[in-house]
Amino acid sequence: MNDSTKRFLTSQLVWIGIYFGIAVAASFLLQFPYSFLVLFAAIIPLSLYRRRRYLKKMGGGEDSFFRSGGMFGPKGIDYYCINCGTKHHQIACPNCGSKMKKAGF
Ligand SMILES: [Zn+2]
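Predicted model only: the values in this text are computed from it and were never measured. (Residues numbered from 1 in each chain as written. Predicted model: local features only at pLDDT ≥ 70, side-chain atom pairs only at ≥ 80, totals over all residues. Heavy atoms only, no water.)

(A) Structural detail: the pattern of salt bridges. Applying the stated rule across the entire model yields one salt bridge. Across the pair aspartate 78 and lysine 87 runs a salt bridge, and its minimum N-O distance is 3.6 Å. The exposure class of aspartate 78 is buried, given its relative accessible area of 18%. (Salt bridge = Lys/Arg side-chain N within 4 Å of Asp/Glu carboxyl O. Buried < 20%, exposed > 50% of the residue type's maximum accessible area, 1.4 Å probe, protein only.)

(B) Seen up close, the coordination of the zinc ion. Within the protein, the zinc ion binds to Cys81 (SG), Cys84 (SG), Cys93 (SG) and Cys96 (SG); these donor distances fall in the range 2.3 Å. Take cysteine 81: its relative accessible area is 2%, and that puts it in the buried class. A residue is classified by how much of its surface remains accessible, and cysteine 96, at 36% relative accessible area, is partly exposed. (Donors = N, O, S within 2.8 Å, 3.2 Å for Na, K, Ca; no water.)

(C) Spotlight on the sheet that holds strand E2 (residues 87–88). Here three strands make up an open sheet; going across it, the order is E2-E1-E3 and the pairing antiparallel. Where the open sheet ends on each side, the last strands, each with one partner, are E2 and strand E3 (101–104). Two elements, strand E1 (residues 78–81) and E2, share two bridges in a ladder whose sense is antiparallel. Within E2, the residue paired with tyrosine 80 across the bridge is lysine 87. (Pairing = 2+ DSSP bridges. Helix = DSSP H or I, 4+ residues; strand = E, 2+ residues; numbered from the N terminus.)

(D) Structural detail: the environment of methionine 1. Along the chain, the position of methionine 1 falls in the segment before helix H1 (3–29). According to the relative accessible area criterion, methionine 1 is exposed, its value standing at 72%. Apart from the residues within four sequence positions on either side, methionine 1 is in contact with Lys6 and Leu9. (Contact = heavy atoms within 4.5 Å.)

(E) The confidence of the model for the protein, seen in detail. When pLDDT is averaged along the protein, the result is 79; 81% of the residues meet or exceed 70. Predicted confidence in the protein is weakest over helix H2 (residues 32–67), with a mean pLDDT of 72, and strongest over E2, with 90. (pLDDT = per-residue confidence, 0-100.)

(F) Structural context of the layout of surface pockets. Its volume calculated, the largest pocket comes out at about 360 Å³. If you go around the largest pocket, the residues you meet are Ser4, Arg7, Phe8, Ser11, Gln12, Trp15, Arg50, Arg53, Tyr54 and Lys57. Elements with a minimum of two residues in the lining of the largest pocket: H1 and H2. The greatest single-element share of the lining of the largest pocket, amounting to six residues, is contributed by H1. Considered class by class, the residues forming the lining of the largest pocket number three nonpolar, three polar and four charged. (1 Å grid on protein atoms, 1.4 Å probe; cavity = no way out; pocket = protein on both sides within 12 Å on 5 of 7 lines; lining within 4 Å. Points joined across faces, edges and corners; volume = space filled by probe spheres on them. Nonpolar A, V, L, I, M, F, W, Y, C, P; charged D, E, K, R; others polar.)

(G) Quick peek at the side chain of histidine 88. Relative to the elements of secondary structure, histidine 88 occurs in strand E2. In this structure the side chain of histidine 88 is engaged in a polar contact, spanning 3.2 Å, whose partner is the backbone nitrogen of glutamine 90. The residues contacting histidine 88, other than those within four sequence positions of it, are Tyr79, Cys81, Cys93, Pro94 and Lys101. (Polar contact = N/O pair within 3.5 Å; in protein donor to acceptor, adjacent residues only side chain to side chain.)

(H) Structural detail: the side chain of aspartate 78. Mapped onto the secondary structure, aspartate 78 falls in strand E1. In this structure, aspartate 78 is in contact with Lys87, His89, Lys102, Ala103 and Gly104, ignoring residues within four places of it in sequence.

As structure tokens, this is what we get:
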């Protein structure tokens, strides 16, 4: 189990605790149909908030991945194979397999 899995499980447990706390508080304070409604009224926005935060995190990661050029190298710089002149951004030329390349703008 790595650190991010542990963090994920911890945050899941925290959220289960929050939901459980809301459920207990609602059933203590209110009669059944109302406590149920309050529970839903509290949990639905929380789920939406979590989903949005999660998507934002994923989207942000993807965005910064592409902004930095990701696996294709920084944007604005092209690499040309010295051997055959193919434009590519890989370690080895996809055309001839040569690892020799020069940068050009
Ligand atoms: Zn080549």
